[in-house]
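Read off the chains here:
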Amino acid sequence: MLSERLDDFVTLAREIFGEEFIPLHRPVFGGNETRYLTGCIESNFVSSAGAKVGAFEQAVAEFVGAKHGIATVNGTAALHVALMVAGVTRGDEVLSQSLTFAATCNAISYIGARPVFIDVDRDTLGFSPTALRRWLETHARVENGHSYSRTTGARIAACVPMHTFGLPVHIAELSALCAEFHIPLIEDAAESLGSRVGDRQTGTFGAISAFSFNGNKIITTGGGGMLTTDDDEIARKARHLSTTAKLPHDYNFVHDMVGYNYRMPNLNAALGLAQMERLPAMLEIKAELARRWRAACPALGLTWIEAPTGTHPNNWLNAVLVRDRAARDAMLEYTNAQGVMTRPVWTPMHQLAHFADCQTDGLEVTEWLADRVVNIPSSVPENQFHRLIPTI
Ligand SMILES: *Cc1c(COP(=O)(O)O)cnc(C)c1O
């Protein structure tokens, strides 16, 4: 491998984005956002009872090809509810990636369950089916339709793969393994709205999936999230649990369990609805940007992370590999000093104090990647904004 050509990298970034300071990922507004938001304010419906919430749920569910969408205040809340309605309870084990954003494991911990960290693959940066098979064959036994750990005796109550930066994990293999071991599959699709495996969208393989619409994601509602599922009963429970578990009635307040105030407000849904109208154009522009970075990588001494054949990432955040941790730190130092934003991947969860005592399978690939992955600027370039103006 060539050594990284950092000056050329900065020059190319300036050429693509045409700006002095180049952020990693910023949202684009300027479509129907203002109109829809004003409509909410004028109608007095700003909280979760408004009509935009249902419309946004329908827009996202239709786009991904799921039967139901339940909008939440953020992606972490969507994951929390997803885990609860999948039946995860205190003391359970939940199979997770260590190479993920903290939200995945926080949601598991809210329930009093413990994450178990399984290694990732080098090609997808996500949950490895090979590592999962090895773990389950060594540790799991199936009894009465559930999986239990032979090591701890705890129930293995869910498996939560994450589509890192929008790169689809090997989800078909994971899904087959989870079915074999009777483990509910929940997709953390927070980063992968619009990513596909063949013709099928990520977020439709698990029993339940969670999306995020935080400010840095491919589309944003300011803060927001959504659960998707094809299962009527799961959808009903998720909606109930995230709406303070209030029983429907014209005027009485009766709740049948401890619920959560997790529903997305109308204002946020209005923003999301306007953003959804432009998602297809957004995906096109981001695919072009990814192709441009990819073509430049060899001359820059960087290794592009190639999505597996047959998968179509949403290119939310572009990522490259460098030689080693020292090269990574040199790149981060130089590019950020030049105003070209780059970022390392998250500190793996098992290296954080509060998850340090969780079980792991060794995590060699996780640690190898954590030393070498760098995210590079992935926003829509300003000279492409005109393609995001809606036609209605
Ligand atoms: C963004 C994100 C979430 C959800 O985050 P919120 O900020 O709560 O919307 C969950 N998992 C991953 C992997 C994420 O990147």
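Definitions and limits used
Residues numbered from 1 in each chain as written. Predicted model: local features only at pLDDT ≥ 70, side-chain atom pairs only at ≥ 80, totals over all residues. Heavy atoms only, no water. Buried < 20%, exposed > 50% of the residue type's maximum accessible area, 1.4 Å probe, protein only. Helix = DSSP H or I, 4+ residues; strand = E, 2+ residues; numbered from the N terminus. Arc of directions from axis to C-beta. Contact = heavy atoms within 4.5 Å. Pairing = 2+ DSSP bridges. Core = buried A, V, L, I, M, F, W, Y, C linked by side-chain atoms within 4.5 Å. Domains from an automatic or database assignment. Polar contact = N/O pair within 3.5 Å; in protein donor to acceptor, adjacent residues only side chain to side chain. Buried area = accessible area lost by both parts, 1.4 Å probe. Salt bridge = Lys/Arg side-chain N within 4 Å of Asp/Glu carboxyl O.

Caption draft 1: Up close: helix α7 (residues 171–180). Restricting attention to buried positions, one finds in α7 the residues I171, L174, L177 and C178. Each buried residue of α7 lies within a common arc of 125 degrees when the element is viewed along its axis, so the set occupies one face. On the buried face of α7, the contacting elements are α6 (129–139), β6 (155–160), β7 (186–188) and β8 (196–197). Positioned one or two residues after α7, H182 has a phi angle of 55 degrees, which is positive.

Caption draft 2: Geometry of the pairing of strand β1 (residues 68–72). With five of its five residues buried, β1 lies for the most part within the structure. The alternating pattern of β1 places H68, I70 and T72 and G69 and A71 on opposite faces, both of which are buried. Judged from the five bridges that link them, β1 and strand β11 (residues 225–229) form a sheet pairing that is antiparallel. Bridge pairing links I70 to L227 in β11.

Caption draft 3: Layout of the sheet that holds strand β15 (residues 343–344). Spatially, β12-β14-β16-β15 is the arrangement adopted by the four strands of the open sheet, whose pairing is antiparallel. Edge positions in the open sheet fall to β12 (303–304) and β15, since each of these has one partner strand only. Both β15 and strand β16 (residues 373–376) contribute to a ladder of two bridges, which runs antiparallel. Bridge pairing links P344 to V374 in β16.

Caption draft 4: Spatial organisation of the nonpolar core. F56, L125, F165, L193, F213 and V373 are the most contacted members of the largest nonpolar core, which totals 45 residues. When residues in this core are grouped by element, the largest group, five residues, is from helix α9 (residues 266–276). No fewer than three residues from each of domain 1 (2–27 + 279–388) and domain 2 (33–277) sit in this core. The next biggest cluster of nonpolar side chains, apart from the first, holds 27 residues, and it includes L83, V85, I108 and L227.

Caption draft 5: Geometry of the side chain of R263. Along the chain, the position of R263 falls in the loop between α8 (232–241) and α9. On the basis of relative accessibility, which here comes to 11%, the residue R263 falls in the buried class. Residues in contact with R263, not counting those within four places in the same chain, are S48, V53, E57, I70, A71, T72, V73, R239, S242 and T243.

Caption draft 6: Highlighting unusual backbone geometry. The phi dihedral of T244 falls on the positive side, at around 55 degrees, and the residue is not glycine. Mapped onto the fold, T244 is located in the loop between α8 and α9. Judged by its relative accessible area of 31%, T244 is partly exposed. The phi dihedral of L363 falls on the positive side, at around 55 degrees, and the residue is not glycine. Among the secondary structure elements, L363 is positioned in the loop between β15 and α12 (364–372).

Caption draft 7: Quick peek at α6. All of the buried residues in α6 are P129, A131, L132, W135, L136 and H139. When α6 is viewed along its axis, its buried side chains cluster within an angular range of 155 degrees and face the same direction. Along α6, exposed side chains directed more than 90 degrees from the buried face belong to T130 and R134. Where α6 is buried, its residues touch β2 (93–97), β3 (114–118), β4 (140–143), β5 (146–149), β6 and α7. A side-chain oxygen of the first residue of α6 lies 3.3 Å from the backbone nitrogen of T130; this N-cap is S128.

Caption draft 8: Region of the structure containing the domain arrangement of the chain. For the chain, the domain assignment lists domain 1 (2–27 + 279–388) and domain 2 (33–277). Using only C-alpha atoms to locate each centre, domain 1 and domain 2 end up separated by 25 Å. A buried area of about 3800 Å², summed over both sides, lies between domain 1 and domain 2, and 65% of it is on carbon and sulfur atoms. Considering only the side of domain 1, the residues that lose the most area to domain 2 are L279, W346 and Q359, jointly responsible for 21% of the buried surface there. Here domain 1 and domain 2 share one salt bridge between them.

Caption draft 9: Expanded view of the sheet that holds strand β9 (residues 200–201). Strand order in the open sheet formed by three strands is β9-β8-β13, with antiparallel pairing between adjacent strands. Since the sheet does not close on itself, it has two edges, and those belong to β9 and β13 (311–312), each with one partner. Of the pairings in the sheet, the one linking β8 to β13 comprises two bridges and is antiparallel in character. If you follow V197 over to β13, its bridge partner there is T311.

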